[in-house]
Amino acid sequence: MIRHGSANITAIAKKLDIHHQNAKEHLEVLEKYGIVKKRRYGKALIYEVNYGNPFTLAIKRLLEELGEI
């Protein structure tokens, strides 16, 4: 999501090649810690990176240093 902005659970699960339920559970944990935030768009839940969280910025810097983004 850091590269692509926001996405729904189905798109995230497909991109990561994991089951929908696994993606949902991981996103719930990330939301609990404020790393991602969600909004409802009709029936879909859209998740996006919360750049206002210092943990998110630290993760982003680490991924940049590793050349992952």
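Bear in mind the structure is a predicted one, so any value in this text is a computation, not a measurement. (Residues numbered from 1 in each chain as written. Predicted model: local features only at pLDDT ≥ 70, side-chain atom pairs only at ≥ 80, totals over all residues. Heavy atoms only, no water.)

Topic: the pairing of strand E3 (residues 44-49)
When strand E1 (residues 6-8) meets E3, the two strands line up antiparallel, connected through three bridges. Of the residues in E3, the one forming a bridge with Asn8 is Ile46. As paired strands, strand E2 (residues 36-41) and E3 are joined by six bridges and run antiparallel to one another. Across the sheet, Lys38 pairs through a bridge with Tyr47, a residue of E3. In this antiparallel pair of consecutive strands, E2 and E3, the connection spans two residues, and Gly42 shows a positive phi of 65°. (Pairing = 2+ DSSP bridges. Helix = DSSP H or I, 4+ residues; strand = E, 2+ residues; numbered from the N terminus.)

Focus: the sheet that holds E3
Spatially, the three strands line up as an open sheet ordered E1-E3-E2, and their pairing is antiparallel. Two strands in the sheet have a free side with no partner beyond their single neighbour: E1 and E2. Averaged over all pairs of adjacent strands, the angle between strand axes in this sheet comes to 30°, irrespective of strand direction. Most of the contacts of helix H2 (residues 20-32) go to E2, to which it runs at about 115°, and overall it touches E2 and E3. (Axes fitted to C-alpha atoms, helices over the stretch in contact; angles between N-to-C directions. Contact = heavy atoms within 4.5 Å.)

Structural notes on the environment of Gly67
Looking at the secondary structure, you find Gly67 in the segment after helix H3 (54-65). A residue is classified by how much of its surface remains accessible, and Gly67, at 57% relative accessible area, is exposed. When the C-alpha atoms of Gly67 and Ile35 are compared, they prove to be 20 Å apart, with 32 residues separating the residues in sequence. (Buried < 20%, exposed > 50% of the residue type's maximum accessible area, 1.4 Å probe, protein only.)

With respect to H2
Compared with the 18 Å implied by 1.5 Å per residue over 13 residues, the 18 Å span of H2 between its first and last C-alpha is a close match. Directly beyond the C-terminal end of H2, a positive phi value near 80° is found at Gly34. (Expected span 1.5 Å × (residues − 1).)

What to know about helix H1 (residues 9-16)
Of all the residues in H1, the buried ones are Ile9, Ile12 and Ala13. In an axial view of H1, the angular spread of the buried residues amounts to 100°, which keeps them on one side of the axis. Along H1, the residues that are exposed and aim more than 90 degrees away from the buried face are Lys14 and Lys15. Here H1 starts with a cap whose side-chain oxygen sits 3.2 Å from the backbone nitrogen of Thr10, and that cap is Asn8. Remark: Asp17 follows H1 within two positions and exhibits a positive phi of approximately 55°. (Arc of directions from axis to C-beta. Polar contact = N/O pair within 3.5 Å; in protein donor to acceptor, adjacent residues only side chain to side chain.)

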